[in-house]
Amino acid sequence: MKIVLCCLVLFTLLSCSEKQAYYTLEDFGKVEKIDTHIHVSTDRDVFVEQAKRDNFKLLNIVVDFTKGREFVEEEFAYRLDQKTRHPESFEMATAFSIKEWDDPNWLNQTLDWLKRNIDEGALAVKVWKNVGMVFKDSTGQLVMVDNPKLDTIFKFLTERKIPVIGHLGEPKNCWLPLEEMSVNNDRVYFEEHPQYHMHKHPELPTYEDQIAARDRMLEKHPELIFVGAHMGSLEWSVDELAKRLDKFPNMSIDLAARIGQVFYQTIEDREKVREFFIKYQDRILYATDLSDGGKDDPNKLIREMHDAWILDWQFFVTDDIMTSDRVNNEFRGLKLPREVVDKIYNGNARKWLKMFPGE
């Protein structure tokens, strides 16, 4: 009888220890989380209402689509409106227009714009892939991110300790034929956006050119706080990511729109991926790239948001056998320790982006 009781006590202690060390799927709604990469360009509140139901706070990011200064100003106005009405849920990151690059006043006007945005509460500045992949100056040359003209902006942001969120380059799949791409969502995206499918544009810089330009920029500005959006465009290899994180101590990454690449690598070598997340637990920010432009059916948007968030949570906190339409094989969740999950989903956003400093 004593042996049975001892076994029961030991089993209970082990069960309690397991619960303390790891989250479960049922903990999803109980844990405060931050999605550090979303785009809400509307005055409706569908997005934030669902975020509150799923216990998420948000970083709402402006993107420069090379449509000009007025477009960026309009996009920032949406972010400011959402933050003003929902300060407990939203922080915001701004961007600057590159379309007026050849205007002699571009640099001063851009600095003035960024100063005003920062004063209004912008925590970070987004640099998009049009730098390096789309925009050409008056001489017909692509403007790369290590262009000396951008150094003044990066120096200003370094001095102000304002992070840059850099979507520079694209997934390595972008330079491959559709049938050779590693994840299905890339295949769909580049089939729908052939202008960004670099396999079709061999006259433009290579994948390696894009990464090298980003790395040269970081070498020139070692104190710049840099968040590599979309896993720093090194989504295909945690080994390559580790090299950059080791080389650039002020660099972190977000996971926006690249979780499929993590699934893919998990299929290949789960333990390597899990070890990466544990080793670099202070350098990884949870993010999705979810968006609301005010036109989608609200019920469809709500389902997509919740489904994306709950799937990712399951992947990170359990070791369940899982499936996703992004990949063609089953994979097993990483079951990361609770303290690692807390950093990825909350602490690192506060550390790297200084989100919600008053809390």
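Not measured: the values here are computed from a predicted model. (Residues numbered from 1 in each chain as written. Predicted model: local features only at pLDDT ≥ 70, side-chain atom pairs only at ≥ 80, totals over all residues. Heavy atoms only, no water.)

### A word on empty space enclosed by the protein
Here's step 1: The final tally for this structure, using the stated rule, is 3 cavities of 30 Å³ or more.
Here's step 2: Here the largest cavity defines a volume of roughly 70 Å³.
Here's step 3: At the level of elements, helix H3 (69-85) and helix H4 (106-119) are the ones that each hand at least two residues to the lining of the largest cavity.
Here's step 4: When the residues that make up the lining of the largest cavity are grouped by side-chain class, the tally is 3 nonpolar, 3 polar and 2 charged. (1 Å grid on protein atoms, 1.4 Å probe; cavity = no way out; pocket = protein on both sides within 12 Å on 5 of 7 lines; lining within 4 Å. Points joined across faces, edges and corners; volume = space filled by probe spheres on them. Helix = DSSP H or I, 4+ residues; strand = E, 2+ residues; numbered from the N terminus. Nonpolar A, V, L, I, M, F, W, Y, C, P; charged D, E, K, R; others polar.)

### Notes on the packing of aromatic side chains
Here's step 1: One pass over the structure, following the stated rule, counts 25 aromatic pairs.
Here's step 2: Measuring from ring centre to ring centre gives 6.1 Å for Phe96 and Trp106, while their planes differ by 65 degrees; the resulting arrangement is edge-to-face. Note that Phe96 is positioned in the loop between strand E3 (90-95) and H4 and Trp106 in helix H4, a separation of 10 residues in sequence.
Here's step 3: The class for Phe96 is buried, based on a relative accessible area of 6%.
Here's step 4: The interplanar angle of 50 degrees and the centroid separation of 4.9 Å between the aromatic rings of Trp101 and Trp106 together place this pair among those described as tilted. For the pair formed by Trp101 and Trp106, the shared burial category is buried.
Here's step 5: Sitting over the face of the ring of Phe56, Lys33 holds its NZ or CZ atom 4.9 Å from the ring centroid.
Here's step 6: Over the aromatic face of Trp313 sits the side chain of Lys33, whose NZ or CZ is 5.7 Å from the ring centroid. (Phe/Tyr/Trp six-rings, centres within 6.5 Å; stacked < 30°, edge-to-face > 60°. Buried < 20%, exposed > 50% of the residue type's maximum accessible area, 1.4 Å probe, protein only. Lys NZ or Arg CZ within 6 Å of the ring centre and 35° of its normal.)

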